[in-house]
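# Residue-level structural notes
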Amino acid sequence: MLTINLIREKKEFIIERLKVKNFKAEEIINRILALDSSRREIQSKTDMMQGEMNRISKEIGALLKDGKRDEAEAAKEKTYSLKEEIKSLSDKLIPIDNDLKNEIIRLPNLPHESVAPGHGADDNVKVREGGIMPQLSETALPHWYLIKKYDIIDFDLGIKLTGAGFPVYLGKGAKLQRALISFFLDEGEKAGYREVMPPIMVNEDSGFGTGQLPDKEGQMYHATLDNFYLIPTAEVPVTNIYRDVILSADMLPVKNIAYTPCFRREAGSWGAHVRGLNRLHQFDKVEIVQIAHPDHSYLSLEDMVAHVEGLVSKLELPYRILRLCGGDMSFTSALTYDFEVWSAAQKRWLEVSSVSNFESFQANRLKCRFKEKGDKQTRLAHTLNGSALALPRIVAAILENNQTESGIKIPHVLIPYTGFDMID
RNA sequence: GGAGAAAUGGCAGAGCGGUCGAAUGCGGCGGUCUUGAAAACCGUUGAUCUGUAUACACGGAUCCGGGGGUUCGAAUCCCUCUUUCUCCGCCA
């Protein structure tokens with residue numbers, strides 16, 4: 001969420017910037033400013049009265065100590081009406097505080113100045129591309145046939161065990177998952193990330209911290225008996241490590257990497273393009289998360305983009321990097337790069353990673369701050385994250401792009417991890 | 001799951017109705033000493049909101065696990081939730 005100070009000081013700037021995200025902010029901001037000023041007015045009144053109250057209470061203490069009972073009783077009389085007033089004022093404050101908070105969290109993050117306006121995927125800006133497009137024969141198969149042909153992923157079995165979108169990986173299919181996870185984690189470690197293995201269920205506070213709650217709860221599986229949520233991404237537990245934490249500036253950037261399964265209900269998003277591995281309820285992903293100094297967070301972002309680019313290159317997949325336009329960016333992001341790999345039999349680009357800088361937007365919810373050495377003041381840190389990488393679509397692309405008459409070739413970098421060079 | 005105990009500043013740990021944002025120790029920061037370092041000694045040491053000449057300088061408010069209550073006044077008393085520890089049970 002945006003800070004109230006920014007809203008107070010840069011109202012017009014915010015309204016202009018949010019136009020890039022096609023968001024009309026003026027009305028909300030006016031409501032926020034009105035609520036904020038009445039909040040402050042009431043708050044400073046109650047603060048004054050409370051101060052008076054504290055003064056009298058101390059006085060009573062002193063009088064009683066001196067044995068002046070009557071004077072103490074007289075002083076008590078004075079507090080009764082004051083107490084009433086304080087109570088009624090602070091009762092007024094509660095709904096105002098709530099309304100204010102509810103309004104503020106409705107404002108999306110400001111897009112970075114490099115973000116182009118636009119309404120959807122067509123307006124995204126291609127930054128660069130790489131890799132070699134494979135030439136497949138006429139008889140090339142999309143991955144949903146390949147997985148049956150080689151018996152490596154079984155969707156029907158998943159339906160039996162759980163439901164649609166919960167595949168069962170078998171034999172070399174399972175090993176390929178394990179190989180990719182290890183490969184991604186090892187590459188992350190080489191790039192200076194600390195490996196983290198977090199819980200895959202989180203509480204409400206964590207859901208709020210990274211912005212899944214209160215709005216997107218329909219997208220998460222909810223264990224209602226204990227009020228836990230299955231994580232949609234490792235971003236949630238890993239970023240929440242830094243909730244209510246004050247870091248020292250010399251620790252930044254903090255770099256963590258985590259493998260977790262991810263669970264998404266994907267309510268209402270099933271359609272023609274979601275066959276096979278393209279969209280699942282449960283999938284595996286390795287996520288990188290950085291907490292950065294505001295002055296250097298865009299360096300961190302570039303560093304993360306370079307890391308992900310290294311991964312897709314090493315896997316020998318044709319890819320392109322897009323800078324998302326305002327309309328295609330998430331609510332919380334200031335700047336997002338999407339990575340897509342070419343899935344040669346489907347003849348489609350598949351999104352496999354989304355790397356974002358949230359600047360202080362998440363940090364403000366999380367209260368993730370840092371302090372410069374010798375400085376009294378705390379400041380909000382910047383948070384960033386990106387997939388490095390999500391597995392299913394990478395697997396889809398590997399299967400499709402590397403298919404041959406005699407089987408599916410495993411990319412060279414993975415062979416030490418799989419222990420085989422061919423799925424056949 | 002049952003019984004009991006506890007939750008205080010970065011950490012350890014006192015306080016158990018008024019002068020407590022909180023003793024003391026450790027740690028951190030600054031200094032003295034030293035060629036330098038250590039030791040010793042001295043000083044300093046949280047967060048949030050808010051007012052003023054927008055200055056973290058001064059003033060006010062709030063925060064002792066979370067929420068609620070009693071009281072003129074709560075870290076201290078009561079209720080409730082959460083968490084941790086010990087014992088018993090169960091268990092990968």
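The structure reproduced in this document is the subject of the present report. A quick note: this is a predicted structure, and the numbers were derived from the prediction, not measured.

Here three strands make up an open sheet; going across it, the order is 8-14-15 and the pairing mixed. The sheet is open, and its two borders are formed by strand 8 (245-248) and strand 15 (378-380), each paired with just one other strand. Strand-to-strand twist in this sheet, taken as the mean axis angle between neighbours without regard to direction, amounts to 40°. One ladder, built from three bridges, connects strand 14 (residues 368-371) with strand 15; its direction is antiparallel. Bridged to Lys371 within strand 15 is Thr378.

That bond from Leu213 to Pro214 is cis: its omega, 5°, falls within 30 degrees of zero. Looking at where Pro214 falls in the secondary structure, it is placed in the loop between helix 8 (204-209) and strand 6 (222-223). Put simply, Ala388 and Leu389 share a cis peptide bond, and its omega is 0°. With respect to the helices, strands and loops of the structure, Leu389 is situated in strand 16 (residues 382-390). The backbone of Asn22 shows a phi angle near 60°, a positive value even though the residue is not glycine. Considering the arrangement of structural elements, one finds Asn22 in the loop between helix 2 (11-19) and helix 3 (26-65). Residue class for Asn22 comes out partly exposed when judged on its relative accessible area of 38%. Positive phi, normally seen in glycine, also occurs at Glu316, with a value near 60°.

This part is about the side chain of Asn364. Relative to the helices and strands, Asn364 is located in helix 11 (residues 361-366). A polar contact of 3.3 Å, which involves the side chain of Asn364, links it to the backbone oxygen of Leu2. Not counting chain neighbours up to four residues away, the residues in contact with Asn364 comprise Met1, Leu2, Thr3 and Leu380.

Cut-offs applied
Residues numbered from 1 in each chain as written. Chains lettered and ligands numbered in written order. Predicted model: local features only at pLDDT ≥ 70, side-chain atom pairs only at ≥ 80, totals over all residues. Heavy atoms only, no water. Pairing = 2+ DSSP bridges. Helix = DSSP H or I, 4+ residues; strand = E, 2+ residues; numbered from the N terminus. Axes fitted to C-alpha atoms, helices over the stretch in contact; angles between N-to-C directions. Buried < 20%, exposed > 50% of the residue type's maximum accessible area, 1.4 Å probe, protein only. Polar contact = N/O pair within 3.5 Å; in protein donor to acceptor, adjacent residues only side chain to side chain. Contact = heavy atoms within 4.5 Å.

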